[in-house]
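Structural overview for review
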2 protein chains.
Amino acid sequence: MQNAVSPQLARRMADALRMLAVDAVERASSGHPGAPMGMADMAQVLWHRHLKHNPANPHWPDRDRFVLSNGHASMLLYALLHLTGYDLTTDDLKNFRRLHSRTPGHPEVGVTPGVETTTGPLGQGLANAVGMALAEKLLAQQFNREHQGRRHDIVDHFTYVFLGDGCLMEGLSHEACSLAGTLGLSKLVALYDDNGISIDGHVQEWFADDTPRRFEAYGWNVIRGVDGHDTLQLEAALRAARELAARGERPTLICCKTTIGRGSPNKAGSHDVHGAALGADEVAMTRRALGWTAAPFEVPADVAQAWDARERGAAAEREWRERFEAYRALFPEDAAEFERRMRGELTARYREQLPVLLAQAAGRAEAVATRKASQLALDALAPLVPEFFGGSADLTASNLTNFEGCTRAGRDRWGNHLSYGVREFAMAAMMNGMALHGGHLPYGGTFLTFSDYSRNAIRMAALMKLRVVHVLTHDSIGLGEDGPTHQSVEHVPSLRLVPNLDVWRPCDGLETAVAWSCAIERPDGPSALCLSRQNLPPAARDAALAARIRRGGYVLSDASGAQAVILATGSEVSLALQAQAQLGAEGIAVRVVSMPCTARFDRQPRAYRDEVLARHLPAVAVEAAQPDFWHKYVGRDGTVIGIATFGESAPATDLYRHFGITSDAIAQAVRAVVAPHARAVAGAVGELVPAK
Amino acid sequence: MQNAVSPQLARRMADALRMLAVDAVERASSGHPGAPMGMADMAQVLWHRHLKHNPANPHWPDRDRFVLSNGHASMLLYALLHLTGYDLTTDDLKNFRRLHSRTPGHPEVGVTPGVETTTGPLGQGLANAVGMALAEKLLAQQFNREHQGRRHDIVDHFTYVFLGDGCLMEGLSHEACSLAGTLGLSKLVALYDDNGISIDGHVQEWFADDTPRRFEAYGWNVIRGVDGHDTLQLEAALRAARELAARGERPTLICCKTTIGRGSPNKAGSHDVHGAALGADEVAMTRRALGWTAAPFEVPADVAQAWDARERGAAAEREWRERFEAYRALFPEDAAEFERRMRGELTARYREQLPVLLAQAAGRAEAVATRKASQLALDALAPLVPEFFGGSADLTASNLTNFEGCTRAGRDRWGNHLSYGVREFAMAAMMNGMALHGGHLPYGGTFLTFSDYSRNAIRMAALMKLRVVHVLTHDSIGLGEDGPTHQSVEHVPSLRLVPNLDVWRPCDGLETAVAWSCAIERPDGPSALCLSRQNLPPAARDAALAARIRRGGYVLSDASGAQAVILATGSEVSLALQAQAQLGAEGIAVRVVSMPCTARFDRQPRAYRDEVLARHLPAVAVEAAQPDFWHKYVGRDGTVIGIATFGESAPATDLYRHFGITSDAIAQAVRAVVAPHARAVAGAVGELVPAK
């Protein structure tokens, strides 16, 4: 048994986690002591005896991944990182939950070294872990080699996840764990903190699942009835899980019966210990009960030494690096490719070929749906972006996320496209896990409307600054007969509100290709491509104009002496151009601005934006969506042609007419804003706002 | 065995469903023939032999509820309604998927008589059905009586739901079915259309669950291995389910093995038959294969007669009405109360007492969090609104959705507050089912940020025009230390985009009480109350001003000769008032508008809105949320003080300072807009937009 310590020392190591959590929450007067206290023994056994990691290098590619899905137990993780030797000091712990500390209320990746993902919204850490385990399996399938009867496995690590009742109640746990079982992600080991308590009290009144049976139904190994405070039982369970993993068939769930707030004489086992500081008296009593004599934030030397994982971690990474160099000697290209992918850099080929690809897209004369244009872009991009891992939530042939020569990933088969099943939320959260793991650029498709189902995972990608791409097709009433349940009217503006999410609604093939390239090149955040079901004609552009698409908004078609500006996106851009032509014939000169990505446009310099918007002119915006957003650009008195109600079930052309989203309606709106503006400019004094 | 027909006729009855679906999809050139063809036998047995309903009165309170959770099979339902005698004609079927038809692409409640809920977004029909079954159980517990040894059960009906693989893959199915099992909703019977096909193809590669085992883990009865095309097996299973229901312990799942597109010689059993018309040739071959000689939309007389359920339905309702009158004779007040609740009318007491209640709220001088103000309103309202059915997704003590004297509903215990567990989506979708069923006014709580999880069910409530109330607390950075995963910055503006949803963000106790009253009184749509964690001071108002809160936006504090307008909501209103005072001391007169519900404000007459907004004045808006929305009111050159990034983990007061949401910042913004405006009014000609 590696790394053994006496039962007494093991207990004191766990108590160190407990007391750091208790003292940090006490100092912050805010936080969650109960879960760290309850999971301390689980954490001690896993982190001290099994977890492969190197505190000096949190980015070592072959480290085991650890996810704390019940993220409110953040102090458990901070205590583990601090004690094992990550760059997280006692002062950091003392600043728990303070502004700009490295110890925020919930763990945040990128803020704290060693934190693998941001958790808090329940269920998502677990789904992230499924994505990480999938990434590991795919990379192992792709990169590990046999040579002269010897294995060269450069990818070979576990994903461990702690989760609680809350995660298991969330629907997302079903989606993710069902798929993990189907895919046979055997190196995923989940430890269930079965403490029988959630915020409303004892869970049996609202959560009476036979969880082991449920997970067996998913095709998992289940290790039942482990006493989560008995280190020998925990050790045996983890050993068994790792042995089961070697069979390569099933993920493993270890059900650990625990007491929330273990160690607190008066509050253990009750929800009182869940989300508030214990209070000075109870802290003192907890100290006495545990026999813990050290002052707050102090750790006895023997305990600190037992926890220190720096030496073992360095040795483990060194051992892997030696293996990696042996691999490199035999497979230099694979080694370089692996390193490139784990760094998240794009291929040189991509940079070279992108202009060619965009020129091809620009050269296509036929009208295509932007979802089809997206597939054409993927066909061309996939050979340049081998890190693509595509997928769809059971709408592959509708979202057109598959590309020429792609392979469906399966239980026993490597692939670069996954049928996620009807699991929008799990898809998005697993994509986040894959991006966090490194080695892939995940994208996934569903209908735009069903981004509602995955919305919080898209938000988490934006918060975590992850490069993932959401392919959201059938983007408005153009979806047609499926009706209002399937027609997004509020989704494009609603996604635009998510900080750090680039929302694209391209108008034709070239804008779609550019959107893809921007999404791929974006290092620090997700992109959502909102694509049409119906065909859209290509707009005419020269090379200079084409180059402006990347700016997110640009003058697509100008007119000298323009009297008004029409702003449009996606399927409505061609209507705007038609209106421009109609108006031109009447002698009304109009500028048409295409705004495929307003977030990107807003990041341009002010001068560019002012030049495009021509803010001295009256403006009309058109988008087959909820209209409020556009007042940001057209002002409160500008006209917005949109849809403020739900859609209807009918053929798309009937719907565009029914909702008044036509070139005629745009032209009429322009006439209406141009006339009073002209009058106002000609004569009005003292009235700044055009009459309406 | 009631209502028996020969096996041959039963098959032809099922084939009538098949061919109506095939022909309607063919005529529309769009739709889903496969699922109706696959489920036709299940539907025949259920609707002909078991379903208690009266086609002449789709609103009979004690009818069985039927939910088609896989709503893309809409033509199955339309064919059933047409054949059994609902007001749905052959012409209606011919207009399938046309604009304003009564046969939209997915079933829509309120559009088609006999459709119980709008389905399409997978999983939600199933969760609606769980809500309906819960409503039935609660009403039965509350209203059924025993008198002199005799039962007087006026509420005694089943909820049947058809569902497919898609519903079962969705996480929502886990949340709803886990809770249905825990609550022992024995009169819920789900029929699983196990056809092994989803859009991406054969499901086993992405959905390998042992579904019976999964549902046993939830505490359901499971009837396995039923041949979904064998009417005898189906009949036996349904009979067994109803007998099991009599034990009152568990819901029942009947697993029906079916062939999608059953009857189509070349496409049955493949995903080709899922979502597209069969094509003329295959339709003809299907006719031949089924031996169906009737022309499209024609039904042979014997089949039509066998389907006609009008007489039986009328008799069933008559029998119930007799029982109800016997009940009324014994329990006149209960009978009247039951009728009132099923009509969805409010009590007379409510109308009488509301002014008193609002006066009490207006009279409270202490600062309270609006979540606490909400609880105070509930305490006062609950006796007046006995149809309240509250709940929380495991945050009862945080959302403060419980009220004085409320009772927790449980497996064997009536109650008017439910701990839904950590199941935000199921809570919202079940609330929809309860509202659809009638008899309750459901409300439920979670943190505002986690409205992301339930978002599509909130949308569905708005689409279905349901009176449900979402209590969304901890509404912004005021949440504090839990950090960005828990801090909504985009959620208030994002919910405002959902058509027909009234989003409230009240600033104090009185606005909160008014928000509740408006939500309760709103007959045709849901409301979301976005409430603060932190205490907010009450604003001063006279009675006339208090009466304006209902308008959604009003001048809370005016100043003679106002030079600017500040718009604010919720926790920022008191900051706006402080800024107004600061500016007043400098001689800058400012109007403060409180806008607790912009949707309601937007429904006011133009003259009122113009008067409030004073559109000739420059404006500043302040809301601790993503700012874009407010340009609708303040114009593109108005200033919006908000948060365009994610939040941070820190105490609330630190965060308000960090994000610059302070009275000083508001005052500074007003100074900045007032000066150039004054210059412009004084002298500028020909420039309509103030320089910036």
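Keep in mind it's a predicted model, so treat the numbers as computed, not measured. (Residues numbered from 1 in each chain as written. Chains lettered and ligands numbered in written order. Predicted model: local features only at pLDDT ≥ 70, side-chain atom pairs only at ≥ 80, totals over all residues. Heavy atoms only, no water.)

1. Concerning the sheet that holds strand S4 (residues 159-164) of chain B
Adjacent strands of a sheet form backbone hydrogen bonds with each other and so pair up, either parallel or antiparallel. Residues and elements named next belong to chain B. What the five strands build is an open sheet, ordered S1-S4-S5-S9-S8; its pairing is parallel. A single partner strand is all that each edge strand has here, and the edge strands are strand S1 (65-68) and strand S8 (221-227). Adjacent strand axes in the sheet meet at a mean angle of 15° when their direction is disregarded. Relative to strand S5 (residues 188-194), S4 is paired through six bridges, and the arrangement is parallel. (Pairing = 2+ DSSP bridges. Helix = DSSP H or I, 4+ residues; strand = E, 2+ residues; numbered from the N terminus. Axes fitted to C-alpha atoms, helices over the stretch in contact; angles between N-to-C directions.)

2. Focus: the UniProt feature "binding site: Mg(2+)" (unreviewed entry) in chain A
Residues and elements named next belong to chain A. As recorded in UniProt, the sites labelled "binding site: Mg(2+)" (unreviewed entry) are Asp-165, Asn-195 and Ile-197. With the annotated positions falling across 33 residues, the maximum pairwise C-alpha distance of 7.7 Å places them together in a single cluster. Mapped onto the fold, Asp-165 is located in helix H6 (residues 165-169). Taking the relative accessible area as the measure of exposure, Asp-165 reaches 3% and is therefore buried. (UniProt positions renumbered as here; feature names shortened; annotations may be inferred. Buried < 20%, exposed > 50% of the residue type's maximum accessible area, 1.4 Å probe, protein only.)

3. Points about helix H1 (residues 7-28) of chain A
Residues lying three or four places apart along an α-helix face the same way, a consequence of the helix completing one turn every 3.6 residues. All names here are of chain A. For H1, which comprises 22 residues, the first-to-last C-alpha distance of 32 Å matches the rise-based estimate of 32 Å (1.5 Å per residue) to within 8%. Counted residue by residue, H1 has 16 buried out of 22 residues, so it is predominantly covered. Positive phi appears at Ser-29, one or two residues downstream of H1, with a value of about 55°. (Expected span 1.5 Å × (residues − 1).)

4. Here we look at the pairing of strand S19 (residues 564-568) of chain A
All names here are of chain A. With five of five residues buried, S19 is to be regarded as a mostly interior element. Side chains Ala-564, Ile-566 and Ala-568 project from S19 onto one buried face, and the interleaved Val-565 and Leu-567 project onto a second face that is buried too. Across five bridges, the pairing between S19 and strand S20 (residues 590-594) is parallel. Counted as the bridge partner of Ala-564 is Val-590 from S20. At this point the chain moves from S19, through helix H22 (residues 573-585), to the parallel S20, and the crossover so formed is right-handed. Bridge count for S19 against strand S21 (residues 619-622) is four bridges, and the pairing is parallel. Bridged to Val-565 within S21 is Ala-619. (Right-handed = clockwise from strand over helix to strand, strands pointing away.)

5. Some remarks on the domain arrangement of chain A
Residue and element names in this part refer to chain A. As assigned here, chain A comprises domain 1 (7-316), domain 2 (348-530) and domain 3 (550-687). Inter-centroid distance (C-alpha atoms) of domain 2 to domain 3 is 27 Å. Contact with domain 2, which involves 28 residues of that partner, is made by 32 residues of domain 3. Taken over both partners, the interface formed by domain 2 and domain 3 buries close to 2400 Å², and the fraction arising from carbon and sulfur atoms is 55%. Per-residue buried area on domain 2 facing domain 3 is highest for Ile-477, Arg-496 and Arg-505; these three make up 29% of the total on that side. Counting every contact that joins domain 2 to domain 3 gives four salt bridges. Two residues, Glu-623 and Arg-496, come together in a salt bridge whose shortest N-O distance is 2.6 Å. The interface formed by domain 2 and domain 3 contains 17 residue pairs in polar contact (both at pLDDT 80 or more). Elements with a contribution of two residues or more to the side of domain 2 that touches domain 3: helix H19 (491-496), strand S15 (502-504) and helix H20 (509-521). (Domains from an automatic or database assignment. Contact = heavy atoms within 4.5 Å. Buried area = accessible area lost by both parts, 1.4 Å probe. Salt bridge = Lys/Arg side-chain N within 4 Å of Asp/Glu carboxyl O. Polar contact = N/O pair within 3.5 Å; in protein donor to acceptor, adjacent residues only side chain to side chain.)

6. Observations regarding the relation of the copies chain B and chain A
Superposing chain B onto chain A takes a rotation of 180° combined with a translation of 0.0 Å along the rotation axis, leaving an RMSD of 0.0 Å. These values place the two chain copies in the arrangement generated by a two-fold rotation axis. By C-alpha distance to the rotation axis, the residue of chain B lying nearest is Gly-171 of chain B, at 1.8 Å. Interface overlap between copies: 99% of the residues of chain B at the interface are likewise at the interface in chain A, consistent with a symmetric, same-surface contact. (Least-squares fit on C-alpha atoms with pLDDT ≥ 70 in both.)

7. Things to note about the interface of chain B and chain A
At the junction of the two partners, chain B supplies 114 residues and chain A supplies 113 residues. Buried surface at the junction of chain B and chain A, summed over both partners, amounts to about 9500 Å²; 54% is from carbon and sulfur atoms. Taken together, chain B and chain A are joined by 16 salt bridges. Glu-205 of chain A is the partner of Arg-408 of chain B in a salt bridge, and the nearest nitrogen-oxygen pair spans 3.9 Å.

8. What about the side chain of Thr-569 of chain B?
Among the structural elements, Thr-569 of chain B can be located in the loop between strand S19 (564-568) and helix H22 (573-585). In this structure, Thr-569 of chain B is in contact with Arg-496, Arg-505, Met-595, Val-622, Glu-623 and Trp-630 of chain B, ignoring residues within four places of it in sequence.

9. Things to note about H20 of chain A
Residue and element names in this part refer to chain A. Look at H20: 18 Å from first C-alpha to last across 13 residues, which is about the 18 Å you get at 1.5 Å a residue. With 12 of its 13 residues buried, H20 lies for the most part within the structure. For H20, every residue scored as buried is listed here: Gly-509, Leu-510, Glu-511, Thr-512, Ala-513, Val-514, Ala-515, Trp-516, Ser-517, Cys-518, Ala-519 and Ile-520. Its side-chain oxygen placed 3.4 Å from the backbone nitrogen of Leu-510, Asp-508 serves as the N-cap of H20.

10. What about the UniProt feature "binding site: thiamine diphosphate" (unreviewed entry) in chain A?
Annotation from UniProt places "binding site: thiamine diphosphate" (unreviewed entry) at His-72, Gly-120, Pro-121, Leu-122, Gly-166, Asn-195, His-274 and Phe-450 of chain A. Judged by maximum C-alpha separation, these annotated positions cover 379 residues in sequence and are scattered in space, the widest gap reaching 34.0 Å. Residue placement: Gly-120 of chain A occurs in the loop between helix H4 (90-94) and helix H5 (124-143). Excluding residues that lie within four positions of it along the chain, Gly-120 of chain A makes contacts with Gly-71 and His-106 of chain A together with Thr-485 and His-486 of chain B. Take Asn-195 of chain A: it is sitting in the loop between strand S5 (188-194) and strand S6 (197-198). Here Asn-195 of chain A is in contact with Asp-165, Thr-258 and Ile-260 of chain A, once residues within four sequence places are set aside.

11. Things to note about the sheet that holds S19 of chain A
All names here are of chain A. Across the sheet, which stays open at both edges, the five strands sit in the order S18-S20-S19-S21-S22 with mixed pairing between neighbours. Each edge of the sheet is formed by a strand with only one pairing partner; in this case those strands are strand S18 (554-557) and strand S22 (639-641). Here the strands of the sheet are splayed against their neighbours by 30° on average, with no regard to which way each runs. Across the sheet, H22 is in contact with S18, S19 and S20; its angle to S20 comes to roughly 170°.

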